[in-house]
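Descriptive structure summary
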Amino acid sequence: MAASDVVKKSSEILTSITLIKLLEGAAIVLVAYLLIVASERFNNWLSEKMPRRFRLIVRQGLPFWRAAVILAAVISLMKLFLHLSPNNILALTGTISLALGFAFKDYARSLIAGVVALFEVPYRMGDRVQIGEHYGPVVSYGLRGIRLRTPTDNIVTIPHNKIWTDPISNANDGALEAQVVTDFYLAHNVDIDRVMKILYQAAYTSQYTQLKLPIMVMIDENPWATHFMLKCYPIDARDEFIYKTDLLKRSKETFRKYGIAYPSVPAGFEEG
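Throughout what follows, the structure given in this document is the object of discussion. (Residues numbered from 1 in each chain as written. Predicted model: local features only at pLDDT ≥ 70, side-chain atom pairs only at ≥ 80, totals over all residues. Heavy atoms only, no water.)

**Re the overall build of the protein**
In terms of helices and strands, the protein carries nine helices and eight strands. Residues classed as buried in the protein amount to 35% of the 272 residues present. For the protein, the proportion of contacts with a sequence separation of at least 24, taken over those separated by at least 6, is 66%. For the protein, the exposed surface amounts to about 16500 Å²; the carbon and sulfur share of it is 62%. (Helix = DSSP H or I, 4+ residues; strand = E, 2+ residues; numbered from the N terminus. Buried < 20%, exposed > 50% of the residue type's maximum accessible area, 1.4 Å probe, protein only. Contact = heavy atoms within 4.5 Å. Areas by Shrake-Rupley, 256 points an atom, 1.4 Å probe, with all protein chains shown as cover.)

Given below as structure tokens:
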């Protein structure tokens, strides 16, 4: 294509750029940014003020609001700087797609995956998910990716395109409660009934336990130990780690009281 044709094509799509339009465009971007920041703060405040059972529902609306604000800002900027005839829209879409395909392939994949994730919902705000080696609640949901808060209070950013390649484990899937599994490894000759009673008692007496949901103790056998799994739910999934600590503390104190023995792991067992 000749240079004159490129100039002509650009002039057909672009409107005249003036200082007023540049200021209007800057104002649109600023307003969109302020709306996103204000909506996130309001959403955080409202989710804490609402009854506990509605907290996650409120939090899960934030990505849709953020996407709506960004979409409105992009449309406003396009109307301001572009002639949006059907032919121009088609040409512009093709140009943008080509540019994204070459220059921002991974970013574009993440954006597309983010839109898909809004509707397929592999995770939501407040969900406790495992992606790769990272586990924690979703504390932020952007167009490109999500941010998890790990048990060590680190923030991990994960792009949405992981939904194409990595399995995603969701512990609560939008529910307020998430099952907590606490593992205990005890000697083979322990009193099974007494241990199970202690574990049930630890769960039923914890201030964090959601008593409306089932409490279960399951047993598995390892070559060097009997594996007990206490499965129960905290009232609020945010208390997962402190809840597990409370269960361990209560159980271990009672084990010590009754002299329940821990196994001796044979030397070199871990190496096979």
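After presenting the structure, the write-up continues.
**Quick look at the packing of aromatic side chains**
In the structure shown here, the tally under the stated rule is seven aromatic pairs. The interplanar angle of 90° and the centroid separation of 6.4 Å between the aromatic rings of Y135 and F241 together place this pair among those described as edge-to-face. Taken together, the residues span a long stretch of sequence, with Y135 in strand β2 (residues 134-141) and F241 in helix α9 (residues 240-258) at a distance of 106 residues. Given a relative accessible area of 31%, F241 falls into the partly exposed group. Here F184 and F255 contribute two aromatic rings whose centre-to-centre distance is 5.8 Å and whose plane-to-plane angle is 85°, an arrangement assigned as edge-to-face. Linking F184 in strand β6 (residues 180-186) with F255 in helix α9, this pair joins segments that are 71 residues apart in sequence. For the residue pair F184 and F255, the accessibility class agrees, reading buried in each case. (Phe/Tyr/Trp six-rings, centres within 6.5 Å; stacked < 30°, edge-to-face > 60°.)

**Some points on a nonpolar patch on the surface**
A contiguous nonpolar patch, built from I17, L19, I20, L22 and L23 and spanning about 520 Å² of accessible area, is present on the exposed surface. Positionally, L19 belongs in helix α2 (residues 19-49). Residue L19 is classed as exposed on the basis of its relative accessible area of 60%. (Patch = residues over 30% accessible without salt bridge, like charges linked within 9 Å, V, L, I, M, F, W, Y side chains within 5 Å. Salt bridge = Lys/Arg side-chain N within 4 Å of Asp/Glu carboxyl O.)

**Describing the packing of α2 against helix α4 (residues 62-81)**
Where α2 contacts α4, the two axes come as close as 10 Å, and the packing angle between them is 175°. By the angle between their directions, the pair α2 and α4 is classed as roughly antiparallel. Counted together, K21, L22, E24, G25, I28, V29, A32, L35, I36, S39, E40 and N43 of α2 and L62, W65, R66, V69, I70, A73, S76, L77, L80 and F81 of α4 form the full contact between these two elements. (Axes fitted to C-alpha atoms, helices over the stretch in contact; angles between N-to-C directions. Parallel < 35°, antiparallel > 145°, perpendicular 65-115°, else oblique.)

**Remarks on the side chain of S206**
Looking at the element boundaries, S206 is found in the loop between α8 (192-205) and β7 (216-221). Residue contacts for S206: discarding those within four places in its chain leaves Y243, D246, L247 and R250.

**Things to note about the pairing of strand β1 (residues 128-131)**
Looking down a regular strand, the side chains alternate between one sheet face and the other. Judged from the four bridges that link them, β1 and β2 form a sheet pairing that is antiparallel. Residue pairing for β2: R128 is matched across the bridge by P137. Hairpin connection of β1 to β2: two residues between the antiparallel strands, including G132 at a positive phi of 65°. Relative to strand β5 (residues 168-170), β1 is paired through three bridges, and the arrangement is antiparallel. Its bridge partner being in β5, V129 is matched across the sheet by N170. (Pairing = 2+ DSSP bridges.)

**Observations regarding the sheet that holds β2**
With antiparallel pairing, the five strands of this open sheet are ordered in space as β4-β3-β2-β1-β5. Every other strand in the sheet has two partners, leaving β4 (155-159) and β5 as the edge strands with one partner each. Between one strand axis and the next, the sheet turns through 40° on average, direction left out of account. Sheet topology note: the strand β3 (residues 145-149)/β4 ladder contains five bridges and is antiparallel. The partner of R149 across the bridge, within β4, is I155.

**With respect to the sheet that holds strand β8 (residues 226-232)**
Sheet architecture is open: three strands sit in the order β6-β8-β7, paired in antiparallel fashion. Lying at the two open borders of the sheet, with one neighbouring strand each, are β6 and β7. Averaged over neighbouring strand pairs, the angle between their axes works out to 20° when direction is ignored. Across the sheet, α9 lies against β6 and β8, angled at about 30° from β6, the strand it touches most.

**A short note on the packing of α8 against α9**
Close contact between α8 and α9 brings their axes to 9 Å; oriented N to C, the two are set at 140°. Seen along the crossing, α8 lies across α9 with a hand that is right-handed. On the side of α8, the interface is formed by R194, V195, I198, L199, A202, A203 and T205, while α9 contributes L247, R250, S251, T254, F255 and Y258. Classifying every residue of the contact of α8 with α9 gives eight nonpolar, three polar and two charged. (Left-handed = near helix turned anticlockwise from the far one by under 90°. Nonpolar A, V, L, I, M, F, W, Y, C, P; charged D, E, K, R; others polar.)

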